Amino acid sequence: METYDNWWEEKRSAYLYGILAENEKNILHKKLFLDLQQAAEKQAGLWEKRMKDATLQTPAFAPDLRTLIVVGLVKFFGTESMHRILSAMKIRGMSVFTRFHSEHKHTSTSTSSNLRAAVFGVNDGLISNMSLILGIAGANADHHFIILAGVAGLLAGACSMGAGEYISVRSQREVFEYQIAIEKQELEEYPEEEMEELSLIYQARSIPKVEADKLAQIMISNPETGLATLAREELGLNPDDLVSPTGAMISSFISFGLGAVVPLLPFLFGAHSWNLIASISLTAITLFIIGTIVSLFSNRNPILLGLRMLTIGAVAGGLTYFIGRLVGI
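Definitions and cut-offs
- Residues numbered from 1 in each chain as written.
- Predicted model: local features only at pLDDT ≥ 70, side-chain atom pairs only at ≥ 80, totals over all residues.
- Heavy atoms only, no water.
- Axes fitted to C-alpha atoms, helices over the stretch in contact; angles between N-to-C directions.
- Helix = DSSP H or I, 4+ residues; strand = E, 2+ residues; numbered from the N terminus.
- Parallel < 35°, antiparallel > 145°, perpendicular 65-115°, else oblique.
- Left-handed = near helix turned anticlockwise from the far one by under 90°.
- Contact = heavy atoms within 4.5 Å.
- Nonpolar A, V, L, I, M, F, W, Y, C, P; charged D, E, K, R; others polar.
- Phe/Tyr/Trp six-rings, centres within 6.5 Å; stacked < 30°, edge-to-face > 60°.
- Buried < 20%, exposed > 50% of the residue type's maximum accessible area, 1.4 Å probe, protein only.
- Patch = residues over 30% accessible without salt bridge, like charges linked within 9 Å, V, L, I, M, F, W, Y side chains within 5 Å.
- Areas by Shrake-Rupley, 256 points an atom, 1.4 Å probe, with all protein chains shown as cover.
- Salt bridge = Lys/Arg side-chain N within 4 Å of Asp/Glu carboxyl O.
- Core = buried A, V, L, I, M, F, W, Y, C linked by side-chain atoms within 4.5 Å.
- Expected span 1.5 Å × (residues − 1).
- Arc of directions from axis to C-beta.

(A) Focus on the packing of helix α1 (residues 2–22) against helix α3 (residues 65–77). The interhelical angle for the contact between α1 and α3, taken along N-to-C directions, is 20°, at an axis separation of 11 Å. Considering the angle they form, α1 stands roughly parallel to α3. In the crossing of α1 with α3, the sense of the turn from one axis to the other is right-handed. On the side of α1, the interface is formed by Trp8, Arg12, Tyr15, Leu16, Ile19 and Leu20, while α3 contributes Arg66, Thr67, Leu68, Val71, Val74 and Lys75. Looking at the contact of α1 with α3, its residues break down into 8 nonpolar, 1 polar and 3 charged.

Structure representation (structure tokens):
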């Protein structure tokens, strides 16, 4: 059964490479996909020979529904827009649509992404719990119920965010690990074919064939380096930079909780007439600060983004407050 599955995957890859070549305008990319189609057909032939040696009948290839859907999307949106989905289907050469720089640059990008996620996690907790507290306050609930609602909103939201992030990252990591495991198996069984595919990718990046062959040979000569290179160049993955689902879960939980505690803080100092005003003021200041931080990622005016974030929070909080007033009355 494993032999048949490997044969079918190679036949599907060859079929998709042909579609990609038909819809590719870049000459180098078109040549890459045509060459990869030949390489996939060659590997499919090796699996077909194994089936014949085991006296197994080789059926005619027919694309499944998922493959047909992806083909339709590629024809409509183009290969570059679909390159992540194609990578998940073990289609090689998708790294021509990505840009890998030095390890320092890659690490900086990863750090920037983590910081961005943390900022938006704080923002989610801030707006959602602020809206909840204002809704409860608008219903004329006493101090005890406001604190109870705020704590419940903080814990429920943080747990939900953490669990959702864990499931999402874990599922994605399992897909990546599966792809890398398949790549490792193929590297062990067919090093020459993998070397040829790697050379084709380098040639698609305008590297002369002789130099591309030498570079591919150097990369494949060391198993660890070869696997890491193939994962980056063929799958668009960095094996050393797979996100930890536990780390993502903890980060989401903490960032959401930090944001959610802000509107709750004034109520923790006892029941006073100024609790609600202080909560709104503290939340507004924090929203403005978050907006200015977001401007670092978008190269926009920090004052304008701060005011935009403040406006969004005001609309959300005001809406829930008046709904609370209506329900309370």
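From this point, the narrative continues.
(B) Geometry of the packing of aromatic side chains. Counted under the stated rule, the structure contains 5 aromatic pairs. Taken together, a centroid distance of 5.7 Å and an interplanar angle of 50° make the contact between tryptophan 8 and phenylalanine 61 tilted. Of the two residues, tryptophan 8 is situated in helix α1 and phenylalanine 61 in the loop between α2 (27–53) and α3; the sequence distance between them amounts to 53 residues. The exposure class of tryptophan 8 is buried, given its relative accessible area of 15%. With 4.7 Å between their ring centres and 80° between their planes, phenylalanine 76 and phenylalanine 77 make a pair best called edge-to-face. The exposure class of phenylalanine 77 is partly exposed, given its relative accessible area of 47%. What links up through ring pairs into an aromatic cluster is the set Trp8, Tyr15 and Phe61.

(C) Structural view of a nonpolar patch on the surface. A cluster of nonpolar side chains, contributed by Val151, Leu155, Ile250, Phe253, Ile254 and Leu258, occupies part of the molecular surface with about 510 Å² of accessible area. Residue contributions to the nonpolar patch peak at 4 residues, all from helix α10 (residues 245–261). Mapped onto the fold, leucine 155 is located in helix α6 (residues 143–189). Taking the relative accessible area as the measure of exposure, leucine 155 reaches 43% and is therefore partly exposed.

(D) View of the nonpolar core. Counting 23 residues, the largest nonpolar core has Tyr17, Leu20, Leu32, Phe33, Leu86, Ile91 and Met94 as the members making the most contacts within it. Sorting the residues of this core by element identifies α1, α2, α3 and α7 (191–204) as the ones contributing at least two each. At 6 residues, α1 tops the list of elements feeding residues into this core.

(E) Region of the structure containing the pattern of salt bridges. Tallying each qualifying case throughout the model produces 6 salt bridges. A salt bridge links lysine 49 to aspartate 53; the nearest nitrogen and oxygen atoms lie 3.3 Å apart. Of this pair, lysine 49 and aspartate 53 both sit in helix α2, 4 residues apart, which is roughly one turn of that helix. Notably, a salt bridge pairs glutamate 174 with arginine 170, separated by 3.3 Å at the nearest N-O pair. Separated by 4 residues within a single helix, glutamate 174 and arginine 170 lie in helix α6, roughly one turn from each other. Judged by its relative accessible area of 41%, glutamate 174 falls in the partly exposed class.

(F) Expanded view of α7. In this model, α7 (14 residues) spans 20 Å end to end at C-alpha, consistent with the 20 Å of a helix rising 1.5 Å per residue. Within the span of α7, buried status applies to Glu193, Glu194, Glu197, Leu198, Ser199, Leu200, Ile201, Tyr202, Gln203 and Ala204. Positive phi shows up at serine 206, right after α7, with a value of about 75°.

(G) Summary view of α3. Compared with the 18 Å implied by 1.5 Å per residue over 13 residues, the 18 Å span of α3 between its first and last C-alpha is a close match. Residues of α3 that are buried include every one of Thr67, Val70, Val71 and Val74, and no others. Considered in projection along α3, the buried side chains sweep an arc of 105° and stay on one side of the axis. Opposite the buried face of α3, by more than 90 degrees, sit the exposed residues Leu65 and Phe76. Those residues of α3 hidden inside the fold are in contact with α1 and α4 (83–88).

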